[in-house]
Amino acid sequence: MFSQYNSSFLLIRIYCFCLDIVFSIIKNLLGEKIDGTANGGHKILVSNVAHLGDVLYSLRVVALLKEKYPSADIDFLCGSWSLPLVKSCSDINNVYVVDHWKLNRKNMCVVKKLFISFYTWINALIAIKRQHYDVGIDFFIMYPSMSDIFYFADIKKRIGYTSGGGGVLFTDKIYFTDPGRHIIELNAECVRLLGVDISSLGYSVANVVSDKKTANILEHFGLARKNFYVFHYGSGEPKREWSTERWVALLDSLNNENTVVVMTGAGAREYAAIDYIVSHTKNKKVLSLCDVLSISELFMIIKNAQLFVGCESFAGHIAGMYKINQVSIMHGATKQVVWQPYSNSNCVVLRANVDCLECQAPRKCKYNHKCMNIEVEAVYNAIVNVDK
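Definitions and cut-offs
For every chain, the first residue of the written sequence is number 1, and numbering continues from 1 onward in sequence order. Two thresholds apply to this predicted model, a pLDDT of at least 70 for residue-level local features and 80 or more for giving and counting side-chain atom pairs, whereas whole-chain, interface and lining totals are computed over all residues. With hydrogens and water set aside, each side-chain value is computed from the structure's full complement of heavy atoms. Any Lys or Arg side-chain nitrogen found within 4 Å of a carboxyl oxygen on Asp or Glu counts as a salt bridge. Burial classes: relative accessible area under 20% of the type maximum marks a residue as buried, over 50% as exposed, and values in between as partly exposed (1.4 Å probe, protein chains only). Starting at the N terminus, helices and strands are each numbered in turn, a helix being any DSSP run of H or I of at least four residues and a strand any DSSP run of E of at least two. Any two strands with at least two DSSP-identified bridges between them are counted as paired. We call a crossover right-handed when, viewed with both strands directed away from the observer, the connection leading from the first strand over the helix to the second proceeds clockwise. Note on geometry: axes are lines fitted to C-alpha atoms, helical ones only across the stretch in contact, with angles between N-to-C directions running from 0 to 180 degrees. Only heavy atoms enter the contact rule, under which two residues are in contact if any of them lie within 4.5 Å. The positive count covers Lys and Arg only, the negative count covers Asp and Glu only, and His and the chain ends enter neither. Distance and chemistry together define a polar contact, namely a pair of N or O atoms within 3.5 Å, with one atom able to donate a hydrogen and the other to accept it when in protein, and with adjacent residues in sequence counting only for side-chain atoms on both sides. The definition of a nonpolar core used throughout is a set of buried Ala, Val, Leu, Ile, Met, Phe, Trp, Tyr and Cys residues joined through side-chain atoms within 4.5 Å. Here is the rule for angles: anything less than 35 degrees is roughly parallel, anything more than 145 is roughly antiparallel, 65 through 115 is roughly perpendicular, and the remaining ranges are oblique. Two helices crossing with the near one rotated counterclockwise from the far one by less than a right angle form a left-handed crossing, whereas a clockwise rotation gives a right-handed crossing.

Chemist: Outline the pattern of salt bridges, listing residues and values.
Modeler: Per the stated rule, a full pass over the model turns up 11 salt bridges. For Arg181, the salt bridge goes to Glu185, with nearest N and O atoms at 3.8 Å. The class for Arg181 is partly exposed, based on a relative accessible area of 24%. Looking at Glu185, the relative accessible area reads 22%, which means it is partly exposed. Look at the salt bridges and you will find they share partners, linking Arg181, Glu185, Glu189 and Arg192 into a network.

Chemist: So, the environment of Leu193: which residues are in play, and what are the values?
Modeler: Topologically, Leu193 is positioned in the loop between α6 (183-192) and α7 (212-215). Classification of Leu193 by relative accessible area gives partly exposed; the value is 36%. When the C-alpha positions of Leu193 and Asp99 are compared, they lie 28 Å apart, and in sequence the two are 94 residues distant.

Chemist: Please give an account of the pairing of strand β2 (residues 73-78) that cites residues and values.
Modeler: A large share of β2 lies buried, amounting to five of its six residues. Two elements, strand β1 (residues 43-47) and β2, share five bridges in a ladder whose sense is parallel. Within β2, the residue paired with Val46 across the bridge is Phe76. Once you follow β1 into helix α2 (residues 52-68) and on to β2, the crossover reads as right-handed. Bridge count for β2 against strand β3 (residues 95-97) is three bridges, and the pairing is parallel. When the bridges of β3 are listed, Leu77 appears paired with Tyr96.

Chemist: Describe the sheet that holds strand β12 (residues 347-350), and please don't skip the residues or the numbers.
Modeler: Across the sheet, which stays open at both edges, the six strands sit in the order β9-β8-β7-β10-β11-β12 with parallel pairing between neighbours. Each end of this open sheet is capped by a strand with a single partner; those strands are β9 (286-288) and β12. Ignoring which end each strand starts from, the neighbouring axes of this sheet average 15 degrees apart. Bridging between strand β7 (residues 228-232) and strand β8 (residues 260-264) involves five bridges; their strand directions are parallel. Bridging across to β8, Tyr229 finds its partner in Val261. Across the sheet, helix α9 (residues 244-253) lies against β7, β8, β9 and β10 (307-311), angled at about 170 degrees from β7, the strand it touches most. Relative to the sheet, helix α14 (residues 376-386) contacts β7, β10, β11 (326-329) and β12, its axis offset from that of β11 by approximately 155 degrees.

Chemist: Can you break down the side chain of Asp91 residue by residue, with the values?
Modeler: Turning to its location among the elements, Asp91 is positioned in the loop between α3 (83-87) and β3. It turns out Asp91 is buried and unbridged, and the closest side chain with the opposite charge, Lys66, is 6.0 Å from it. In this structure the side chain of Asp91 is engaged in a polar contact, spanning 2.7 Å, whose partner is the side chain of Asn207. Contact partners of Asp91, with chain neighbours within four places excluded, come to Val62, Ala63, Lys66, Ile74 and Asn207.

Chemist: Account for the environment of Val55, with residues named and values stated.
Modeler: One can find Val55 in helix α2. Each C-alpha atom of the pair Val55 and Leu218 lies 26 Å from the other, and the pair is 163 residues apart in sequence.

Chemist: I'd love a proper account of unusual backbone geometry, names of residues and values included.
Modeler: With an omega of 5 degrees, the peptide bond running from Tyr143 to Pro144 counts as cis. Structurally, Pro144 can be placed in the loop between β4 (135-138) and α5 (147-152). Of note in this structure, His132 is not a glycine but carries a positive phi near 55 degrees. Relative to the helices and strands, His132 is located in the loop between α4 (110-129) and β4. One non-glycine residue with positive phi stands out, namely Ser343, at about 55 degrees. Checked against the element boundaries, Ser343 lands in the loop between α13 (336-339) and β12.

Chemist: Would you mind going over the nonpolar core in detail, with residue names and values included?
Modeler: Counting residues in each nonpolar core, the largest one holds 62 residues, and the members touching the most others are Val46, Leu65, Leu85, Ile137, Phe299 and Ile301. A total of eight residues in this core trace back to one element, the largest contributor, which is α2. Look past the residues within four positions of Leu65 in its chain and what remains in contact with it is Ile44, Val46, Ile74, Ile137, Val191, Leu194 and Val196. With 32 residues, the next largest nonpolar core counts Val261, Cys290, Val327 and Cys371 among its residues.

Chemist: Kindly report on the packing of α9 against α14, identifying the contributing residues and their values.
Modeler: A pair of packed helices can be characterised by two numbers: the angle between their axes and the separation between those axes. Orientation of α9 relative to α14, taken along the N-to-C sense of each, is 45 degrees, at an axis distance of 9 Å. By the angle between their axes, α9 is oblique relative to α14. Remark: the crossing between α9 and α14 carries right-handed chirality. Residue-level inspection shows Arg246, Ala249, Leu250 and Ser253 of α9 in contact with α14, the latter providing Val376, Val379, Tyr380 and Ile383.

Chemist: Go over the pairing of β8, please, and point to the residues and values.
Modeler: Burial of β8 is extensive: four of the five residues sit out of reach of the surface. The handedness of the β7 to β8 crossover, carried by α9, is right-handed. Relative to β9, β8 is paired through three bridges, and the arrangement is parallel. Across the sheet, the residue bridging to Met263 is Ser288, located in β9. Taking the sense of rotation as the criterion, the β-α-β connection linking β8, helix α10 (residues 268-280) and β9 turns out right-handed.

Here's what the structure looks like:
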């Protein structure tokens, strides 16, 4: 009964089931609001309220959508945590924000998260309803979906997955039946329903705007194109990060190389970790740019790197998009085929060989995340092999 919902938590699946019952009643009372003729349209609203990595893949799909409908106005509904990325994309006109409580990683009480969630939902609904969108596309495959906003904003053609709850409110429903596909391919299914050719998906690029300052960022930090490494410490989920001691040892092992290593990250926690790494390594060719770069500058730095090393992260997905030589240190709980850097033949994915591999429930781990005990030597050898 609850298996159609994409969550490792039974309570979330039950909640999604109850949502569908409530929304079915509402739809029966208010009507379907269907317009099957809206194919593309002049005004398109796309949505992904998840975090940066998810949104990056959605923006790559939006690039294909814009190519198919160049005259369409495309707007985006996202969480505030993804706002700088979405605003930097030239394919997007207007941006709306919903900070859903389930996805809010800020350190605050649940009551406050619920209030912010409701407040931003109401504000977004009012603003979106005024725009009279022809088509709404929700890329997110888990709870929460934005089908309710699409429905109450009178968007006639509403496309999205039923696996996040509220699927009864979509006019064009997509059923999540194949967990063995990459997340960007699942996103692309939404636009394929609008006649978008997705055959070039592996080469799609999010169109992030670069200003004059961004264009000169390499020169500003004394970096030469394709002559430096990027090591990215952080991940959206700290449990997926490699230990600071191992990063220190990896940098030490590269001490005899002539290559500059740029360390990137964001936030106070990652800044403290990178500061520890830089101060404890023997390698003096390490440059910390943690909390220094804007979104567009981060794109420019990674795009021009010789090699990228990092855990599962937004930065790692940028490297994959640009087909950079890459070593990805992946947490064992993650389903690799869904979340590895997409279509990057220059990427080596490293994982620990554990019995609980791909459990997809890192928060329920009973083994102290032993799947992140990936040896420094394995990462070093991968760097040597991929950077030949």
